[in-house]
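These are the residues of each chain, in order.
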Amino acid sequence: MNTGAAAACSPVCVIKIAMALKRELWCKMPLHCCTLKKDFEGFEKLFHRFLQVKGPSVEWTKINRPPEDSIQPYEKIRGLPTSVSESLNKLAVVKLNGGLGTSMGCKGPKSLISVRSENTFLDLTVQQIEHLNKKYNTDVPLVLMNSFNTDEDTKKILQKYTHHRVKIHTFNQSRYPRINKESLLPVPEDVGMVGEGSDGWYPPGHGDIYASFYASGLLEQLLAEGKEYIFVSNIDNLGATVDLHILNHLVSQPNGKRCEFVMEVTDKTRADVKGGTLIQYDGKLRLLEIAQVPKAHVDEFKSVSKFKIFNTNNLWISLAAIKRLQEKNEMDMEIIVNPKTLNGGLNVIQLETAVGAAIKCFDNALGINVPRSRFLPVKTTSDLLLVMSNLYRLEAGSLTMSEKREFPTTPHVKLGSSFTKVQEYLTRFESIPDMLELDHLTVSGDVTFGKNVSLKGTVIIIANHGDRIDIPAGSMLENKIVSGNLRILDH
């Protein structure tokens, strides 16, 4: 996992590097001194661990399949609470809101991208929770974990929800310095976030939620308000809604046997081979990410037959347990070393952790194998096309598969590079095609769609370089290949 330079660096060297940077940074701290001090102490701790770890974080021969009772089928835990409102009042919803929309060609927080009927990810989240609060006369709050990249823009937008029946809280995840891959020295020369030095900093992955949530004071506040669990998920997963059956399973257990951590997993398909999976390791349920897998075993890790489920990153976690683990300094997550290249060509590494990796620290941790419908992430415009289509219906902020769809599976959609950016993608569809009977869609090159197009079965549309294909309004393509000269052939 570590570079040769890391292995050669002694603990004394580490302390010298850390102290030198600390002096450099702290002498230039005009504002937010406490926050920067907390961030630096967190980084220093992670950096120490990174330099001390030798070799891979898992020994492949020690990996075992989880015991059968450690991953429960969703059908087995189904059951509604006798008092839904009483159960909901023990819950807070936390959305991971640190990411930008740059991969989809958008500026600002990803949560502010419109995904359905002019509603953004954040709009849909607020609508979902407001619906629960109104229907059951409850007070489920929404908590957003922002990053320094998203905090300012998000807070401006939050004003529009002032009159909604949802209390919204925010806290910021940490800000850590990127590390020069060769020298292992931190990249930033000051604490500034504007100009050339701004790309020297990064948010250290969603595993930072525990320390930052605890340090913000929000954890204590929610405990004081009678909250017992948080439901954590990525804000771009439109399937991650509050599930009353899982909540009931948590709150209905006797105190000594309560699950402190539930990870929602779902069956792996070929599209999910890189997703983290649950294993048994040293007698504990543990999350195994592809970054931890020795190169010789990557193909084995990707096998759908051996590792049959993957982590959706929908997590239900006990607030009291987070507090206990933080105060005892017992929160232990594997370090993910993420290599990056900055705009100027400098090779750096980011030290990150994943929120699900802490599962091994909690008592009575459990995986629940949920329906695929609870995993509906929007990472690309291909995903966006699916959720904007008539495959789904929107009700109270939640997307559900249309009853008119005869198969429960989602079509496989692959849009080419001409569709990568949201704005360009939108200009290529006069209206979103009818996709109720679609199995597979591949589009490559300069292609546009007229109004009221219907796609069925397997449809492949490829415009050669320099050519353009305009699918006429009202077209119905079923099991067709459309090539650069607009020949339409049976598939």
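Bear in mind the structure is a predicted one, so any value in this text is a computation, not a measurement.

Participant: Would you mind showing me how to read the overall build of the protein chain here?
Facilitator: Counting secondary structure elements, the protein chain contains 14 helices and 26 strands. Here the analysis covers contacts within the protein chain between residues at least 6 apart in sequence; of these, 70% occur between residues at least 24 apart. Counting every atom, the protein chain has about 22,800 Å² of accessible surface; 51% of that belongs to carbon and sulfur.

Participant: Looking at this structure, I do not really get the UniProt feature "binding site: substrate" (unreviewed entry) in the protein chain. What am I missing?
Facilitator: Look at the UniProt record and you will see "binding site: substrate" (unreviewed entry) annotated at H206. Mapped onto the fold, H206 is located in the loop between β9 (201-202) and α8 (209-216). Beyond its immediate chain neighbours, meaning those up to four positions away, H206 contacts L96, M145, N234, N313, T353, A354 and V355.

Participant: Please explain the packing of aromatic side chains as it appears in this structure.
Facilitator: Remark: the centre distance and the inter-plane angle together describe each pair of aromatic rings, the angle taken between the planes. If you walk through the whole model with that rule in mind, you get 15 aromatic pairs. With a centroid separation of 5.9 Å and 65 degrees between ring planes, the pair formed by F43 and Y176 is classed as edge-to-face. Remark: Y176 occurs in strand β7 (residues 176-177) and F43 occurs in helix α3 (residues 33-52); sequence separation between them is 133 residues. Seen from their ring centres, Y210 and F362 are 6.2 Å apart, and the 45 degrees between their planes marks the pair as tilted. Note that Y210 is positioned in helix α8 and F362 in the loop between β16 (347-352) and β17 (366-369), a separation of 152 residues in sequence. The residues Y210 and F362 share a single accessibility class, namely buried. Members of the aromatic cluster, joined through ring pairs, are F40, F43, F47, F50, Y176 and Y202. The residue whose ring lies beneath R286 is Y281, and the NZ or CZ to ring-centre distance is 4.4 Å. The ring of F419 carries R428 above its face, with NZ or CZ at 5.4 Å from the centroid.

Participant: Hey, could you run me through the sheet that holds strand β2 (residues 91-97) in this one?
Facilitator: Within a sheet, neighbouring strands are paired by backbone hydrogen bonds and run either parallel or antiparallel to one another. Overall, mixed pairing links the eight strands, which are arranged β1-β17-β11-β14-β10-β2-β5-β6 in an open sheet. The open sheet is flanked by β1 (71-73) and β6 (168-172), the only strands paired with a single partner. Pairwise comparison of adjacent strand axes, ignoring direction, gives a mean angle of 25 degrees for this sheet. Of the strand pairs in this sheet, β2 and strand β5 (residues 142-146) are connected by five bridges, and their pairing is parallel. Bridge assignment links L96 to a residue of β5, and that residue is M145. Packed on one face of the sheet, helix α6 (residues 121-136) meets β2, β5 and β6 and runs near 155 degrees to β5. In the packing of helix α12 (residues 319-327) onto the sheet, contacts are made with β10 (229-234) and β14 (309-318), and the angle to β14 comes to roughly 90 degrees.

Participant: I would appreciate a short explanation of the pattern of salt bridges in the present structure.
Facilitator: Should their charged atoms come close, side chains of opposite charge can pair. Considering all chains together, one arrives at 26 salt bridges under this definition. Note that E260 and R324 form a salt bridge whose closest N and O atoms lie 2.9 Å from each other. Residue E260 is located in the loop between α10 (244-251) and β11 (261-267), and its partner R324 is located in helix α12; the two are separated by 64 residues in the primary sequence. When its relative accessible area of 12% is taken as the criterion, E260 is described as buried. A network of salt bridges, in which partner residues are shared, links R49, R286, D332, E334 and K360.

Participant: Please explain the pairing of strand β15 (residues 336-341) as it appears in this structure.
Facilitator: Here is the key point about a regular strand: its side chains alternate between the two faces of the sheet. Strand direction decides the pairing type here: β15 and β16, joined by six bridges, are antiparallel. Paired with K340 across the two strands is V348, which belongs to β16. What sits between the antiparallel neighbours β15 and β16 is a turn of five residues, in which G345 has the positive phi angle 100 degrees.

Participant: Help me understand the UniProt feature "binding site: UTP" (unreviewed entry) in the protein chain, please; the structure alone is not making it clear to me.
Facilitator: What UniProt calls "binding site: UTP" (unreviewed entry) maps, in this numbering, to K110, Q173, G205, D236 and K379. Inspection of the secondary structure puts K110 in the loop between β2 and β3 (114-116). Leave out the neighbours within four places in its chain, and K110 touches G99, L100, G101, M104, F121, D236, V378 and K379. Within polar-contact distance, the side chain of K110 engages the side chain of D236 at 2.8 Å.

Participant: Any chance you could explain the sheet that holds strand β8 (residues 179-180) here in plain terms?
Facilitator: With respect to topology, three strands assemble into an open sheet ordered β8-β16-β15, the strand pairing being antiparallel. Edge strands, defined here as strands with exactly one partner in the open sheet, are β8 and β15.

Participant: Can you help me understand helix α7 (residues 151-158) in this one?
Facilitator: Every α-helix carries 3.6 residues per turn, so stepping three or four residues along brings you back to the same face. For α7, every residue scored as buried is listed here: D151, T154 and L158. One side of α7 carries all its buried residues, which in axial view fall inside an arc of 70 degrees. For α7, the exposed residues lying more than 90 degrees away from the buried face are E152 and K156. Where α7 is buried, its residues meet β2, α6, β5 and β6.

Participant: Please explain the packing of α8 against α12 as it appears in this structure.
Facilitator: Pairs of packed helices are described in terms of their axes, by the angle between the two and the distance that separates them. Orientation of α8 relative to α12, taken along the N-to-C sense of each, is 95 degrees, at an axis distance of 10 Å. In this view, α8 runs roughly perpendicular relative to α12, as classed from their interaxial angle. Contacts between α8 and α12 involve Y210, A211, F213 and Y214 from the first element and L319, I322, K323, Q326 and E327 from the second. Taken together, the residues that form the contact of α8 with α12 break down as six nonpolar, one polar and two charged.

Participant: In this structure, what is going on with the pairing of strand β13 (residues 284-288)? I would like to understand it.
Facilitator: The buried fraction of β13 amounts to four of the five residues, a majority that puts the element mostly inside the structure. Of the pairings in the sheet, the one linking strand β12 (residues 277-281) to β13 comprises five bridges and is antiparallel in character. Each residue of the ladder has a partner; that of I279, found in β13, is R286. Turn length for the β12-β13 hairpin, with the two strands adjacent in sequence and antiparallel, is two residues, and the turn residue D282 shows positive phi of about 50 degrees.

Participant: Got a minute to help me understand α8 in this structure?
Facilitator: Of all the residues in α8, the buried ones are I209, Y210, S212 and F213. At the exit of α8 stands G217, carrying a positive phi of roughly 90 degrees.

Participant: Could you clarify how one ought to interpret the environment of N97 in this entry?
Facilitator: By secondary structure assignment, the location of N97 is in strand β2. Spatially, the C-alpha atom of N97 lies 7.3 Å from that of T150, the residues being 53 residues apart in sequence. The residues touching N97, leaving out its near neighbours within four places in the chain, are S111, L144, M145, N146, S147, T150, T154 and I235. Here T154 takes part through its side chain, which lies 3.2 Å from a polar atom of the side chain of N97.

The rules behind the values
- Residues numbered from 1 in each chain as written.
- Predicted model: local features only at pLDDT ≥ 70, side-chain atom pairs only at ≥ 80, totals over all residues.
- Heavy atoms only, no water.
- Helix = DSSP H or I, 4+ residues; strand = E, 2+ residues; numbered from the N terminus.
- Contact = heavy atoms within 4.5 Å.
- Areas by Shrake-Rupley, 256 points an atom, 1.4 Å probe, with all protein chains shown as cover.
- UniProt positions renumbered as here; feature names shortened; annotations may be inferred.
- Phe/Tyr/Trp six-rings, centres within 6.5 Å; stacked < 30°, edge-to-face > 60°.
- Buried < 20%, exposed > 50% of the residue type's maximum accessible area, 1.4 Å probe, protein only.
- Lys NZ or Arg CZ within 6 Å of the ring centre and 35° of its normal.
- Pairing = 2+ DSSP bridges.
- Axes fitted to C-alpha atoms, helices over the stretch in contact; angles between N-to-C directions.
- Salt bridge = Lys/Arg side-chain N within 4 Å of Asp/Glu carboxyl O.
- Polar contact = N/O pair within 3.5 Å; in protein donor to acceptor, adjacent residues only side chain to side chain.
- Arc of directions from axis to C-beta.
- Parallel < 35°, antiparallel > 145°, perpendicular 65-115°, else oblique.
- Nonpolar A, V, L, I, M, F, W, Y, C, P; charged D, E, K, R; others polar.

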